[in-house]
Every structure is written in structure tokens, then in C-alpha cells.
Amino acid sequence: MSLLTNVMDHSLDDGYAEAAARKKAEGAGGMPRTVRAKLGLAAGLVLAALVVTVGAAQARIAAPTVAKERQELIDRVQRETAAADKLEASVDDLRDDVSARQRAALKNRGGGNDLVGILSGAVAVHGPGVKLVVNDAKEATTGGDGNPRETSGFSDTGRVRDRDMQRVVNGLWESGAEAIAINGQRLTALSAIRAAGDAILVDNRPLVPPYTVLAVGDGQRLSTSFQNSADGLYLHALQQNYGIRTAISTEGDVRLPAAPSVIVRTAQQSTGKGTS
């Protein structure tokens, strides 16, 4: 108890107490005593106030200029965006024109038979088929803003990848599909399903989950054949092991648009006879 009492009564170290008492006896305090010291302190305070005042004045003067530059940048972005939208619309019009000319050429070459156009994806089609919806798992890793597509890298197995969609499409073709579209994007013999970062691209157009795959064919037979195929079992394994969400149903009539453009730059029709 004596130790605690001593600590409470002498909270300040003896050395500090002695120094404080000596300074008090000498008349030294916290504020300057001489006129020169007081003038120096006043000059420092005036200088600090001057710096703050000048900074505030400069900020007030520069504010309109900054606001003007910001507005100019906004106007420029809006103009460029409008120009890009106009160019994109022009590209879409040109694609439609090219597609129309291709369909007309195919019709003339085929003597009125649209089979070539259907198989090439150059014409819109409809008929019975299946609807397959593939989506990321609910617990798929999300980015900072909650968007599962913002997470970089393919280590997250709860998300659909480009090769998964490739297997789905190939499985449907092998199961008897006559025409296929993903999220309204018609597939052709020249179509490619690839990845760019975390996005799945079909013919360089990004897709957003869920991925809706429409396939024209004998609905029930196509559905059964696909689910029993190696690719259908692969999709089922993704569902069981990684939570990938899938749903398949037969449809009485599915409608697929024509492909935006079918351009062949290298291949040419062979007119010669085969060698024996």
C-alpha cells in the first residue's frame, strides 16, 4: 500500500519536478518575455495567416477555371460518345445491307432454296427446339462493387467460362441442332467463342450472364441426346460440383435471327473434279 500511496502522491518524477521549479524560479514561462521574441512570434503568426489567405484567394480565383475545364471535358466526352454511337449505328446498317445482299446472292445461287442460307446462318430461322440457360453460381466471387464479372482470373470455378460455352454449343451441334444462337447472337461456321479478360465473346461481341442458348431441332430428341452426351454430362458435373446454374426445356417454336454478317475472305468454291 505504501508503494501505491507514494505513486499517487508523487506522480511527477522528481527530476521533472525539480526542473519545473527551477524554471519557475528563474521566471521562464511558456510565452516570450522580451520584445524581440514577441515581435518574432507576431511576425510568424502574420506570415502563417498571410499564407492561408493567399492560398484561399488562389483557390477561389482558380475555381471558375477548373469548373470550366471540367465542363469542357464533359462536353468533349459527350460529343465523342455521340459520334461513336453514330458510327456504331452506321456499322449496323452496313452489316444489315451486307447480310441482305448475301441472302439475295445465296437465294440466286441456290435456285430459290434457302437451305444454304439456313445452314450458313445468313437467314433468320424458327422452329421447334430447346432453350438452355446457363448462369454463374450464386456464390461466385464478386468484385468490389458486387459484380461477379469484375473478379479477374479464372480461378473462380463458380463462374461460366468460354470453354464451358464451347462444350455446350459443340454438344448441341453433335446432338442434332440445326441452328444455334447465344443471347440473340447467331452462330455460324465462322463463329468463335473466346474470352477477353473475364468476358465471354461470341464473334468479338461480349455476352452478359445468364447465357440463353436457343437451338432449333427435334426438341425432345435434341434435349435427351444432349443431356446424355459427354458435353451434357460435363455441364451436369459443373452444376453438381461448382454450383453452375442450368435449366433446359423443350420449346414448340424458337426464333433465331440471322447472323450480322457472314464473310469468307479465303475459301473459294472448287469447280474441278476430285482426283482418283
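This is a predicted model, so every value here is computed, not measured.

> Can you lay out the packing of helix H6 (residues 219-228) against helix H7 (residues 230-242) for me, pointing to particular residues and giving the numbers?
It is at 4 Å that the axes of H6 and H7 come closest, and there the two elements cross at 70°. With respect to each other, H6 and H7 are oriented roughly perpendicular. Contact with H6, carried on its side by Phe226, Gln227 and Asn228, involves Ala230, Asp231, Gly232, Leu233 and Leu235 of H7 and no other residues of that element. Classifying every residue of the contact of H6 with H7 by side-chain character gives 4 nonpolar, 3 polar and 1 charged.

> Let's hear about the sheet that holds strand E4 (residues 193-196): which residues, and what values?
Ordered by their spatial adjacency, 3 strands build an open sheet running E4-E5-E6, and the pairing between neighbours is antiparallel. Each of the sheet's edge strands pairs with one partner strand only, and the pair in question is E4 and strand E6 (205-207). For this sheet the average axis-to-axis angle between neighbouring strands, irrespective of direction, equals 45°. Here strand E5 (residues 199-202) runs beside E6; their pairing, made up of 3 bridges, is antiparallel. Bridge pairing in E6 places isoleucine 200 opposite leucine 207. Where helix H5 (residues 162-174) meets the sheet, its contacts fall on E4 and E5, and the angle it forms with E4 comes to roughly 170°.

> Would you mind going over the sheet that holds strand E3 (residues 185-186) in detail, with residue names and values included?
Hydrogen bonds between backbone groups are what pair the strands of a sheet, and the pairing can be parallel or antiparallel. Spatial ordering of the open sheet is given by E3-E2-E7-E1-E8, a layout of 5 strands whose pairing is antiparallel. With one partner strand each, in any of the chains shown, E3 and strand E8 (245-256) form the two edges of the open sheet. As defined by bridge partners, strand E1 (residues 125-135) adjoins strand E7 (residues 211-216) across 6 bridges and the pair is classed as antiparallel. Within E7, the residue paired with valine 134 across the bridge is tyrosine 211. Packed on one face of the sheet, H6 meets E1, E7 and E8 and runs near 150° to E8.

> Tell me about H5, and please be specific about residues and values.
Along its 13 residues, H5 runs 18 Å from first to last C-alpha, staying within 8% of the 18 Å computed at 1.5 Å per residue. Taken together, the buried positions of H5 are Asp162, Asp164, Met165, Val168, Val169, Gly171 and Leu172.

> Describe in detail unusual backbone geometry, supporting the description with residues and values.
Most peptide bonds take the trans configuration, and most residues that are not glycine carry a negative phi. Omega for the bond connecting proline 209 with proline 210 falls within 30 degrees of zero, at 0°, which places this linkage in the cis form. Mapped onto the elements, proline 210 comes out in the loop between E6 and E7. Of note in this structure, asparagine 183 is not a glycine but carries a positive phi near 50°. With respect to the helices and strands, asparagine 183 occurs in the loop between strand E2 (179-182) and E3. Not every positive phi belongs to a glycine, and aspartate 203 is a case in point at roughly 55°. If you trace the backbone, aspartate 203 turns up in the loop between E5 and E6.

> How would you explain the packing of H5 against H7 if you had to name every residue and give the values?
Closest axis-to-axis distance for the H5/H7 pair is 8 Å, and the angle between their directions is 145°. As H5 runs across H7, the sense of the crossing is left-handed. Where H5 abuts H7, its residues Asp164, Arg167, Val168, Asn170, Gly171 and Glu174 lie against Ala230, Asp231, Tyr234, Leu235 and Leu238. The residue inventory of the contact of H5 with H7, partitioned by class, reads 5 nonpolar, 2 polar and 4 charged.

Thresholds applied
- Residues numbered from 1 in each chain as written.
- Predicted model: local features only at pLDDT ≥ 70, side-chain atom pairs only at ≥ 80, totals over all residues.
- Heavy atoms only, no water.
- Axes fitted to C-alpha atoms, helices over the stretch in contact; angles between N-to-C directions.
- Helix = DSSP H or I, 4+ residues; strand = E, 2+ residues; numbered from the N terminus.
- Parallel < 35°, antiparallel > 145°, perpendicular 65-115°, else oblique.
- Contact = heavy atoms within 4.5 Å.
- Nonpolar A, V, L, I, M, F, W, Y, C, P; charged D, E, K, R; others polar.
- Pairing = 2+ DSSP bridges.
- Expected span 1.5 Å × (residues − 1).
- Buried < 20%, exposed > 50% of the residue type's maximum accessible area, 1.4 Å probe, protein only.
- Left-handed = near helix turned anticlockwise from the far one by under 90°.

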